[in-house]
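Chain residues, written in single-letter form:
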Amino acid sequence: MDHNVGKQQFIVNTMDQDVSLGIVGAIAQADIAPMRGAGRIADYALIYRVVRKHQGGGYGDQDRHPLAWAAALYVDGQLYRVFNARGAGREWVSLDKLGNWLREQGFWYWWTRNDLEVLGAAENEFEAPDPPHMPF
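All of these numbers come straight from a predicted model, not from anything done at the bench.

Draft legend 1. The arrangement of the overall build of the protein chain in detail. Looking only at helices and strands, one finds three helices and seven strands in the protein chain. For the protein chain, the N- to C-terminal ordering of α and β elements is β-β-α-β-α-β-β-β-α-β. Evaluated residue by residue, the protein chain yields a buried proportion of 35% over its 136 residues. Within the protein chain, residue pairs in contact and separated by at least 24 positions form 63% of the contacts whose partners lie at least 6 positions apart. Roughly 9200 Å² of accessible area belongs to the protein chain as shown, and the carbon and sulfur atoms make up 51% of that amount.

Draft legend 2. How the structure looks around the packing of aromatic side chains. If you walk through the whole model with that rule in mind, you get two aromatic pairs. Considering the side-chain rings of Tyr 44 and Tyr 74, the 5.4 Å spacing of their centres and the 55 degrees angle between planes classify their relative orientation as tilted. One end of the pair, Tyr 44, is in strand β4 (residues 41-51); the other, Tyr 74, is in strand β5 (residues 67-75), and 30 residues separate them in sequence. Its relative accessible area of 24% is what places Tyr 74 among the partly exposed residues. With 4.9 Å between their ring centres and 50 degrees between their planes, Trp 92 and Trp 101 make a pair best called tilted. By relative accessible area, which is 7% here, Trp 92 ends up buried. Here Arg 36 stacks its cationic end above the ring of Phe 107, 4.2 Å away from the centre of that ring.

Draft legend 3. Representation of the pattern of salt bridges. Per the stated rule, a full pass over the model turns up three salt bridges. When the shortest N-O distance is used, the salt bridge between Asp 76 and Arg 40 registers 2.5 Å. With Asp 76 in the loop between β5 and β6 (78-83) and Arg 40 in the loop between α2 (32-37) and β4, the pair connects residues that are 36 residues apart, well separated along the chain. Note that Arg 113 is salt-bridged to Asp 115, the shortest N-O span being 2.7 Å.

Draft legend 4. Structural context of the environment of Trp 108. Inspection of the secondary structure puts Trp 108 in the loop between α3 (95-104) and β7 (109-113). Residue class for Trp 108 comes out exposed when judged on its relative accessible area of 59%. Expressed as a C-alpha distance, the spacing of Trp 108 and Ala 45, which sit 63 residues apart in the sequence, is 8.9 Å. If we skip the residues at most four places from it in the chain, Trp 108 touches Asp 43 and Arg 103.

Draft legend 5. Local environment of the sheet that holds β5. The strand order β3-β6-β5-β4-β7 describes an open sheet built from five strands, whose pairing is mixed. Every interior strand has two partners, whereas the edge strands, β3 (23-28) and β7, have only one. Each strand axis lies, on average, 35 degrees off the axis of its neighbour in the sheet, ignoring direction. Pairing between β4 and β5: eight bridges, direction antiparallel. Across the sheet, residue Ile 41 finds its bridge partner in β5, namely Val 75. Against the sheet, α3 contacts β4, β5, β6 and β7, and its axis sits at roughly 155 degrees relative to β4.

Criteria and thresholds
- Position labels on residues start from 1 in each chain and follow its written sequence.
- With the structure being a predicted model, the display of local features is reserved for residues of pLDDT at least 70 and the display and counting of side-chain atom pairs for 80 or more, all residues being used for whole-chain, interface and lining totals.
- Water and hydrogen atoms play no part in the side-chain values, which are based on all heavy atoms of the structure.
- Numbering of helices and strands starts at the N terminus; helices are DSSP runs of H or I of at least 4 residues and strands are runs of E of at least 2.
- Throughout this description, buried means an accessible area under 20% of the type-specific maximum (1.4 Å probe, protein chains only), exposed means over 50%, and partly exposed covers the range between.
- Any two residues whose heavy atoms approach within 4.5 Å are treated as being in contact.
- The accessible surface values rely on the Shrake-Rupley method and a 1.4 Å probe; as for residues, cover is taken only from the protein chains in view.
- The aromatic pairing rule takes the rings of Phe, Tyr and Trp, using the six-membered ring of Trp, and pairs them if the centres are within 6.5 Å, calling planes under 30 degrees apart stacked, those over 60 edge-to-face and the rest tilted.
- Look at NZ for Lys and CZ for Arg. If either is within 6 Å of the ring centre and within 35 degrees of the ring normal, a charge sits over the ring.
- The rule for a salt bridge is simple: a side-chain nitrogen of Lys or Arg has to be within 4 Å of a carboxyl oxygen of Asp or Glu.
- Strand pairing is assigned whenever DSSP identifies at least 2 bridges connecting the two strands.
- Axis definition: a line fitted to C-alpha atoms, over the contacting stretch in the case of helices. Angles run 0 to 180 degrees between N-to-C directions.

Below, the structure is given as structure tokens:
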């Protein structure tokens, strides 16, 4: 497993990121349903920002989309990152698609955390109109 990632201006030690979030291990996507059925997985998940390691879907340009979202689940009270069958961490570029995936897995609640982007640095797709003038 590769723990040190350097990509453009993002230099993130993913091992440190996992430790700071309290992630103790990995859970395979295929194990979610049986473990949920056994009552071992909590009702909510943690969604957090990661540096992308995989290309795929319509967002394969890592220069345009260097970050992705990852999911971690509380299993027996501890956080485990969701991995795919090939042993790699699952990544989503779209929060909408991740939200749909979480609902398919039976989750209706999740926390979202973004420690990798500077606050207020998101690019707007449109200019918001000025608020209406309110005479006082």
